[in-house]
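# Coordinates in review
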Amino acid sequence: MTQQIGELNPPLRLMLTPGPSSMDPRVYRALATPLVGHLDPWFRGSMDETQILLRQIFQTESRITLPLSASGSGGIEAAVVNVLEEGDEAIVAVNGVFSERMYEIGSRASSKVTRVEAPYGKPVDPEDVRRAGKGRKIKMVGLAHGETSTGVLTKIDGFRKVADELGALLVVDTVASLAALPLHVDRERIDVCFSGSQKAISAPPGMSPITVSSAAEEVFRQRKTKVQSWYFDLTTAMNYWGKDRLYHHTPPISLIFALREAMRLVMEEGLEARWERHRVNQLALIAGLEAMGLKLLVEKTADRLPTVTAVMIPSGIDDGKLRNQLLDEFNIEIAGGFGALKGKIWRVGLMGYCSQMTNVLLFLAALEKCLIDQGFRVGSGAGVGAAVKSYTHAETAAAVSR
Ligand SMILES: *Cc1c(COP(=O)(O)O)cnc(C)c1O
């Protein structure tokens, strides 16, 4: 039997999820440019430009700065397996699914990883990490800057202080925060910092930008054993991304082009303007949600991650039905909760190209329609009205008009 396969024609969705985010048309164009070889002398220039942009976005001058051929989880894996050797001790601050993943990867690397937890919806207290590490030889302290599963932001400085006291390297997952909120890798002295291409950078999924401090590079050099992962050994990956440009593996060249263009757009906008855009759009979203009588999972304003807003699902509302209606009637995708939070929260992403006033207003109107269809009482137009008010408030209006 020969089955006829039709032309590929996906629906045009607005992805208000915690990744991937929708992309600027210029990034699609970069993705469709002609392929060149990964060892082509011309491509070297493109690699240089990609690394220049990566350093600008990470705010670092580190030599080891490259896009791994992997999704964000590959970044976690690379960071952890390059730092830890068998028997090493580490502490991971766990407050959700992604920080849990760092703990899990560390445990598989035959190291002794301790988890220090916070309830979902809150950041881990660095004091708890200090207590857990007291009198022990800790090589790594790890955390997620933005915990996407709960929409929680963790401030890095307290963990840097504790890592200094313990003599440990600081490893930070910035998959959900890079290019969306203030981050200065060198100034904040993050030793290994990684991200994902498909979140606030708004490039296609499949690449994980990573950068390594000179202190961490020295620790890599003093390893007694080889990194157990050949693919993610950053020292050998630098044979390709360093000045020699020697073959290591064939990278996804088209994805590098798209990432380069997406990062060029980040720098064209300016990091500070971009951080402000994410802040202002989330404030308007929250104003709208609260005016509709909805509650947020993260109570403290300072703990809220600007890229992902976790909304409590009101009782009596069918999670699956509502999200399907958003897709079918409005072409809008939002995410549900993981694990214990499944059926309890929605996660609304405003990342990179998606963080726009038009999207906030459209989403609030669409959500209102879906809630009313399920019998939820909302004052008509309350959400959109409150968001408009938030945007026209003097302080935010200036940022939006930029
Ligand atoms: C999305 C995400 C990851 C995982 O990235 P993948 O590209 O799905 O592998 C890791 N950490 C955080 C904080 C994330 O948001």
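All figures in this text were calculated on a predicted structure; none of them were measured in a lab.

Moving on, we get to the nonpolar core. Met140, Val141 and Val192 are the most contacted members of the largest nonpolar core, which totals 78 residues. It is helix α9 (residues 253–269) that provides the largest number of residues to this core, a total of 10 residues. The contact partners of valine 192, leaving out residues within four places of it in the chain, are Ala79, Val83, Leu170, Val171, Val172, Ile210, Thr211, Val212, Ala216 and Phe220. If you look at the next biggest cluster of nonpolar residues, it comprises 32 residues, including Ile313, Leu326, Leu350 and Phe376.

Here the focus is the site of the ligand. Close to the ligand lie Ser71, Gly72, Ser73, Phe98, Gly146, Thr148, Asp173, Val175, Ala176, Gln198 and Lys199, which account for all nearby residues. Between an oxygen atom of the ligand and a side-chain N or O atom of glutamine 198, the distance comes to 2.7 Å. Lysine 199 places a polar side-chain atom, nitrogen or oxygen, 2.7 Å from an oxygen atom of the ligand. Burial of the ligand by the protein chains amounts to 89% of its free accessible area of 380 Å². By residue class, the composition of the shell around the ligand is 3 nonpolar, 6 polar and 2 charged.

Turning our attention to the domain arrangement of the protein chain. Per the domain assignment, the segments of the protein chain are domain 1 (25–267) and domain 2 (271–401). Distance from the C-alpha centre of domain 1 to the C-alpha centre of domain 2: 29 Å. The interface is formed by 31 residues belonging to domain 1 together with 21 residues belonging to domain 2. Summed over both sides, the interface between domain 1 and domain 2 buries roughly 2100 Å², with carbon and sulfur atoms accounting for 65% of that surface. When the buried area of domain 1 at its contact with domain 2 is split by residue, Gly151, Leu153 and Ala180 rank highest and sum to 19% of it. Applying the counting rule to domain 1 against domain 2 returns 0 salt bridges.

Attention now goes to the side chain of lysine 199. Tracing the backbone through its elements, the reader meets lysine 199 in the loop between β9 (192–194) and β10 (208–212). Here lysine 199 sits buried without a salt bridge, and the closest side chain of opposite charge, aspartate 173, lies 7.4 Å off (N-O distance). One polar contact links the side chain of lysine 199 to the main-chain carbonyl oxygen of proline 18, over a distance of 3.3 Å. Apart from the residues within four sequence positions on either side, lysine 199 is in contact with Pro18, Gly19, Ser21, Val175 and Met351.

When the terminal C-alpha atoms of α9 are compared, their 25 Å separation across 17 residues agrees well with the 24 Å that a helix rising 1.5 Å per residue should span. Burial in α9 covers these residues: Ile253, Leu255, Ile256, Phe257, Ala258, Leu259, Glu261, Ala262, Met263, Leu265 and Val266. On its buried face, α9 sits against α1 (25–31), α2 (41–58), β2 (65–68), α8 (234–241) and α10 (271–291). Backbone geometry just downstream of α9 places glycine 270 in the positive-phi region, at approximately 100°.

Moving on to the pattern of salt bridges. Considering all chains together, one arrives at 27 salt bridges under this definition. Aspartate 48 serves as the salt-bridge partner of arginine 245, at 2.4 Å between the closest nitrogen and oxygen. Separated by 197 residues along the polypeptide, arginine 245 in the loop between α8 and α9 and aspartate 48 in helix α2 bring together distant segments of the chain. For aspartate 48, a relative accessible area of 39% corresponds to the partly exposed category. Between glutamate 269 and arginine 277 there is a salt bridge whose closest N-O contact spans 2.7 Å. One network of salt bridges, in which partners are shared, links Asp24, Arg26, Glu261, Arg264 and Glu268.

What counts and what doesn't
- Residues numbered from 1 in each chain as written.
- Predicted model: local features only at pLDDT ≥ 70, side-chain atom pairs only at ≥ 80, totals over all residues.
- Heavy atoms only, no water.
- Core = buried A, V, L, I, M, F, W, Y, C linked by side-chain atoms within 4.5 Å.
- Buried < 20%, exposed > 50% of the residue type's maximum accessible area, 1.4 Å probe, protein only.
- Helix = DSSP H or I, 4+ residues; strand = E, 2+ residues; numbered from the N terminus.
- Contact = heavy atoms within 4.5 Å.
- Near = heavy atom within 4 Å.
- Polar contact = N/O pair within 3.5 Å; in protein donor to acceptor, adjacent residues only side chain to side chain.
- Areas by Shrake-Rupley, 256 points an atom, 1.4 Å probe, with all protein chains shown as cover.
- Nonpolar A, V, L, I, M, F, W, Y, C, P; charged D, E, K, R; others polar.
- Domains from an automatic or database assignment.
- Buried area = accessible area lost by both parts, 1.4 Å probe.
- Salt bridge = Lys/Arg side-chain N within 4 Å of Asp/Glu carboxyl O.
- Lys, Arg positive; Asp, Glu negative; His and termini not counted.
- Expected span 1.5 Å × (residues − 1).

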